[in-house]
Amino acid sequence: MQDLILDIESLDMEGRGIGHLPNDDDTPGKVVFVEGALAGERVSFSSYRKKPKWEAANMTALHRESSMRVKPECTYFGLCGGCSMQHLEATAQVAAKQRVLEDSLWHIGKIKPENMLRPIYGPTWGYRYRARISVRNVPKKGGVLVGFHERRSSFIADMKSCRILPEHVSALLVPLRLLIGSMDAMDALPQIELAIGEGADGKQLTVLVLRHMTPLPAGDEAKLRAFADLHEVQWWLQPQGPDSVHPFYPAHADLHYTLPEFGVRMPFKPTDFTQVNHQINRVLVTRALRLLDVAPGERVADLFCGLGNFTLPIATRAASVVGIEGSTTLTDRATDNAAANGLGEKAVFHCRNLFEATAQDFVALGKFDRMLIDPPRDGAQAVCQALIDLGALAPELRPKRIVYVSCSPGTLARDAGMLVGQGGYALKQAGVVNMFPHTAHVESIAVFDLVV
């Protein structure tokens, strides 16, 4: 059977090419999502999943090439599921992500920003300072594999390097395979979590967290210590859930990241949520505070504050800032971070379930002049509804400006539609943050001003 040929019109939110099969009258018909294809290309494809209204496919031949196509730098691109856009030139990746953001805002939220912000760029290789790396003994492939999952698979890619990991971590993949393969407990070691920060001396510190399902024999512990000495890393162990994580060797447990523009230094555990791209995070925090435009006498709220990534820098500018998070463990640690940075009198933290936020909650918290919202992928729908309800209950308490940092353009668009359509806000600015180069992940930032 002759291969079907498809013209690719655009990219979807996962970096796949989008084309349409023609109807009998040559009008656009069924949509096809083609992995490996770029906008403007003509390709042949093979479908691996078919639904009544769409198909998912792999590209089998390239007949017309995009001028933005480049040769992937990673040997394992196409096999490894960690990256999906290495075949697209780096600045074109950002342009595609901006289109995803604009399309989401329009099609989901029915709104357009008054101005598009300049995208935030950073290093395109060696940027991933946080990662979860899978481990599995696969005798048919020669022993232990250490790496990311294959694309659309639970199998682990047989990889010996990774271009998005820092070079010194990429160089550890083969030694880690050999180490795990030599350990008696190798079949009970499902993953290694990576976190890079600074040690107590200010120098870069690489931490590896080993998840182990059974107690480690003394011989295996000795091998971990020898590996740490040879490769200058620190091992932490995780025998059970996340709360069981503890430093193993060397015994010091200091791990920090810094925001030097604000004089902030924050300790974190290697399993804590922190941004994977520290360089971009610094630029993002700086831009968020510039957009928030805090005056010295103002009171600010930081919702979904975590360890205080935005809260503490805001405290250096505002009269006071209230950080709100859903975990007492996090708010307690954020409080300690504020005190350690000399900001304890300006930054206070409250534990609230923001997924159940109400207007009455904001009345109880008092007037905020400005608000920063940095939710997980689920977004901040309850918060936005509470702000809408606040307009009827106590309109004078509504913040005059909201800066929303998002890791999901879909939920940002939904929430933006609520704030603009019902909450009395205008979407003044929006833009993308290229936190994850070579992936289809879209981080973004948006600015809302109260107009009624």
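Whatever comes next refers back to the structure up there.
These numbers were taken from a predicted model, which means no experiment stands behind them.

(A) Main features of the overall build of the protein. Within the protein one finds 10 helices and 22 strands. In terms of overall size, the protein behaves like a compact globule, its C-alpha atoms giving a radius of gyration of 24 Å where 452 residues would be expected to give roughly 22 Å. Overall size of the protein, expressed as C-alpha extent along the three principal axes, is 70 × 65 × 35 Å. The buried share of the protein, reckoned over its 452 residues, is 53%.

(B) How the structure looks around helix α3 (residues 173-182). If you check which residues of α3 are buried, you get Leu173, Leu176, Arg177, Leu179 and Ile180. Take α3 and look down its axis: the buried residues cluster within an arc of 165 degrees, on one side only.

(C) Region of the structure containing the pattern of salt bridges. Considering all chains together, one arrives at 20 salt bridges under this definition. Here Glu298 and Arg370 are joined by a salt bridge, their closest N and O atoms 2.7 Å apart. Of this pair, Glu298 sits in the loop between α5 (278-292) and β16 (299-303) while Arg370 sits in strand β19 (residues 370-373), and the two are 72 residues apart along the sequence. The burial state of Glu298 is the same as that of Arg370; both residues are buried.

(D) Seen up close, unusual backbone geometry. Here Tyr249 and Pro250 are connected by a cis peptide whose omega angle stands at -15 degrees. The residue Pro250 is located in the loop between β13 (246-249) and β14 (256-259) in this model. Even without being glycine, Asp293 reaches a positive phi, approximately 55 degrees. You can see Asp293 is positioned in the loop between α5 and β16. For Phe304, which is not glycine, the phi dihedral falls at a positive 60 degrees. Structurally, Phe304 can be placed in the loop between β16 and α6 (311-315).

(E) How the structure looks around the sheet that holds strand β17 (residues 320-325). With respect to topology, eight strands assemble into an open sheet ordered β7-β21-β22-β20-β19-β16-β17-β18, the strand pairing being mixed. The sheet is open, and its two borders are formed by β7 (115-116) and β18 (347-351), each paired with just one other strand. Note: β16 against β17, five bridges, orientation parallel. Note on β17: the bridge partner recorded for Leu303 is Ile324.

(F) Molecular detail of the nonpolar core. With 85 residues, the main nonpolar core has Leu176, Leu210, Leu224, Trp235, Ile314 and Ile445 as its most contacted residues. Once you skip the residues sitting within four places of it in the chain, Trp235 turns out to touch Leu176, Leu179, Ile192, Leu208, Leu210, Leu224, Phe227, Ala228, Pro247, Phe248 and Tyr249.

(G) Quick peek at the environment of Val276. Its location among the elements puts Val276 in the loop between β15 (264-267) and α5. Residue Val276 is classed as buried on the basis of its relative accessible area of 9%. Taking the C-alpha atoms as reference, Val276 lies 7.7 Å from Met435; in sequence the two are 159 residues apart. In this structure, Val276 is in contact with Tyr127, Arg128, Tyr129, Arg130, Met435 and Phe436, ignoring residues within four places of it in sequence.

(H) Broad picture of the packing of aromatic side chains. Going through the model one piece at a time under the given rule, you end up with four aromatic pairs. For the pair Phe227 and Trp235, a centre-to-centre distance of 5.8 Å together with 55 degrees between the ring planes defines the contact as tilted. One exposure class covers both Phe227 and Trp235, and it is buried. The ring of Trp106 carries Lys112 above its face, with NZ or CZ at 5.1 Å from the centroid. The ring of Phe77 carries the charged tip of Arg151 above its face, separated from the ring centre by 5.5 Å.

(I) Examining the packing of helix α1 (residues 90-107) against helix α10 (residues 409-421) more closely. Relative to each other, α1 and α10 sit at 35 degrees, their axes nearing to 8 Å. The two elements α1 and α10 meet at a crossing, and its hand is right-handed. Contacts between α1 and α10 pair Val100, Leu101, Ser104 and Leu105 from the former with Pro409, Gly410, Leu412, Ala413 and Ala416 from the latter. Grouping the constituent residues of the contact of α1 with α10 by class yields seven nonpolar, two polar and no charged.

(J) View of the side chain of Gln191. In this fold, Gln191 is placed in strand β10 (residues 191-198). Sequence-distant contacts of Gln191, that is, excluding residues within four places in its chain, are made with Arg132, Ile133, Ser134, Val135, Val209, Leu210 and Arg211.

(K) Molecular detail of the sheet that holds strand β4 (residues 28-35). The six strands lie next to each other as β1-β5-β6-β4-β3-β2, forming an open sheet whose pairing is mixed. Each of the sheet's edge strands pairs with one partner strand only, and the pair in question is β1 (5-7) and β2 (10-11). As judged from the three bridges shared by β1 and strand β5 (residues 42-50), these two strands associate in the antiparallel manner. The residue of β5 that forms the bridge with Ile5 is Ser44.

(L) Fine view of the pairing of strand β9 (residues 143-147). With five of five residues buried, β9 is to be regarded as a mostly interior element. Strand direction decides the pairing type here: strand β8 (residues 130-138) and β9, joined by five bridges, are antiparallel. Each bridged residue has a counterpart across the sheet, and for Val138 the counterpart in β9 is Gly143. Between the antiparallel neighbours β8 and β9 lie four residues, among them Gly142 with a positive phi of about 100 degrees.

Thresholds, definitions, all that
- Residues numbered from 1 in each chain as written.
- Predicted model: local features only at pLDDT ≥ 70, side-chain atom pairs only at ≥ 80, totals over all residues.
- Heavy atoms only, no water.
- Helix = DSSP H or I, 4+ residues; strand = E, 2+ residues; numbered from the N terminus.
- Rg over C-alpha atoms; globule rule 2.2 N^0.38 Å.
- Buried < 20%, exposed > 50% of the residue type's maximum accessible area, 1.4 Å probe, protein only.
- Arc of directions from axis to C-beta.
- Salt bridge = Lys/Arg side-chain N within 4 Å of Asp/Glu carboxyl O.
- Pairing = 2+ DSSP bridges.
- Core = buried A, V, L, I, M, F, W, Y, C linked by side-chain atoms within 4.5 Å.
- Contact = heavy atoms within 4.5 Å.
- Phe/Tyr/Trp six-rings, centres within 6.5 Å; stacked < 30°, edge-to-face > 60°.
- Lys NZ or Arg CZ within 6 Å of the ring centre and 35° of its normal.
- Axes fitted to C-alpha atoms, helices over the stretch in contact; angles between N-to-C directions.
- Left-handed = near helix turned anticlockwise from the far one by under 90°.
- Nonpolar A, V, L, I, M, F, W, Y, C, P; charged D, E, K, R; others polar.

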